[in-house]
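Topology and contacts: notes
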Amino acid sequence: MMSEKSNKFTLIGLLLVFVLPVMAAKLALDNRWFNSGATNKGELLQPVRDFSTVLAKQEPKWRIVYSVPETCDAACKNAIYSIHQVWIALGRETDRAEATVILTDTSDQTVLKSLENEHNLHVLRVSDDTASNAMLPQDSGSIMLVDTLNNAMLRYPTFEDKNAAVQSSRDILADVKKLLKLSRIG
């Protein structure tokens with residue numbers, strides 16, 4: 001026959017086995033000790049940005065979009081280079097995506113000359129009003145990932161440092177590949 005003392009230890013042991021993990025999980029959730037279920041590398045835009053006015057006459061495709069600012073500095077040039085490299089790295093999926101550079105009336109027009117030589121970059125000229133209807137002020141200077149319904153859903157920073165820009169383009173590529181794999185559209 002088990003003693004009363006051993007029954008208490010068994011009960012306490014069972015409680016610890018079942019209650020302790022629940023308490024630890026609650027503590028981990030409350031203190032954010034882990035990454036949540038998100039696997040995207042870019043910043044998720046909520047709400048999404050509607051690019052329908054900017055991309056109105058364009059064929060439905062996934063787009064990596066960059067809007068050229070008034071002065072195209074090192075971060076701007078790295079962003080244009082990055083979206084081009086991401087598009088090339090898509091390999092056989094390049095027909096489903098497009099690297100798009102948006103030029104507005106106030107964009108640095110000197111960049112247009114260098115873009116003329118890039119046949120894989122799609123250049124869109126739009127008015128400042130059209131661009132401002134699609135993008136919020138915090139979107140300026142960012143690379144945007146736009147879906148086939150013309151909704152910008154992810155935003156990526158740009159960098160003046162070439163190595164940081166390359167690392168960011170790896171993140172963009174990972175997200176684009178994942179979305180193309182999951183999407184049957186575009």
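A quick note: this is a predicted structure, and the numbers were derived from the prediction, not measured. (Residues numbered from 1 in each chain as written. Predicted model: local features only at pLDDT ≥ 70, side-chain atom pairs only at ≥ 80, totals over all residues. Heavy atoms only, no water.)

1. Focus on the overall build of the protein chain
Within the protein chain, the regular secondary structure consists of five helices and six strands. Element order for the protein chain, N to C, with α for helix and β for strand: α-β-β-α-β-α-β-α-β-β-α. Over its C-alpha trace the protein chain gives a radius of gyration of 24 Å, far above what one expects of a compact globule, namely 16 Å for 186 residues. Across its three principal axes, the protein chain shows a C-alpha extent of roughly 90 × 35 × 30 Å. Residues classed as buried in the protein chain amount to 38% of the 186 residues present. Counting only contacts in the protein chain whose residues sit at least 6 apart along the sequence, the fraction spanning at least 24 positions is 69%. Of the roughly 11600 Å² of accessible surface on the protein chain, a fraction of 57% belongs to carbon and sulfur atoms. Of the side chains in the protein chain, 21 bear a positive and 22 a negative charge, and the two mean positions are spaced by 10 Å. (Helix = DSSP H or I, 4+ residues; strand = E, 2+ residues; numbered from the N terminus. Rg over C-alpha atoms; globule rule 2.2 N^0.38 Å. Buried < 20%, exposed > 50% of the residue type's maximum accessible area, 1.4 Å probe, protein only. Contact = heavy atoms within 4.5 Å. Areas by Shrake-Rupley, 256 points an atom, 1.4 Å probe, with all protein chains shown as cover. Lys, Arg positive; Asp, Glu negative; His and termini not counted. Charge placed at Lys NZ, Arg CZ, Asp CG, Glu CD.)

2. Here we look at the state of the cysteines
For the structure shown, the criterion picks out one disulfide. Note that Cys 72 is cross-linked by a disulfide to Cys 76, the S-S spacing being 2.0 Å. Note on the Cys 72 and Cys 76 pair: the S-S dihedral is about -90°, so by sign convention the disulfide is left-handed. A relative accessible area of 8% places Cys 72 in the buried class. The class of Cys 76 is buried, set by a relative accessible area of 0%. (Disulfide = S-S within 2.5 Å.)

3. Describing the confidence of the model for the protein chain
Per-residue confidence for the protein chain gives a mean pLDDT of 88, with 95% of residues at or over 70. Considering each helix and strand of the protein chain separately, the mean pLDDT is smallest for helix α1 (residues 4-31), with a value of 83, and largest for strand β5 (residues 143-146), with 96. (pLDDT = per-residue confidence, 0-100.)

4. So, the pairing of strand β6 (residues 151-156)
Across the six residues of β6, six count as buried, placing the element largely inside the fold. Linking β5 to β6, which pair antiparallel, is a turn of four residues; within it Asn 150 sits at a positive phi near 65°. (Pairing = 2+ DSSP bridges.)

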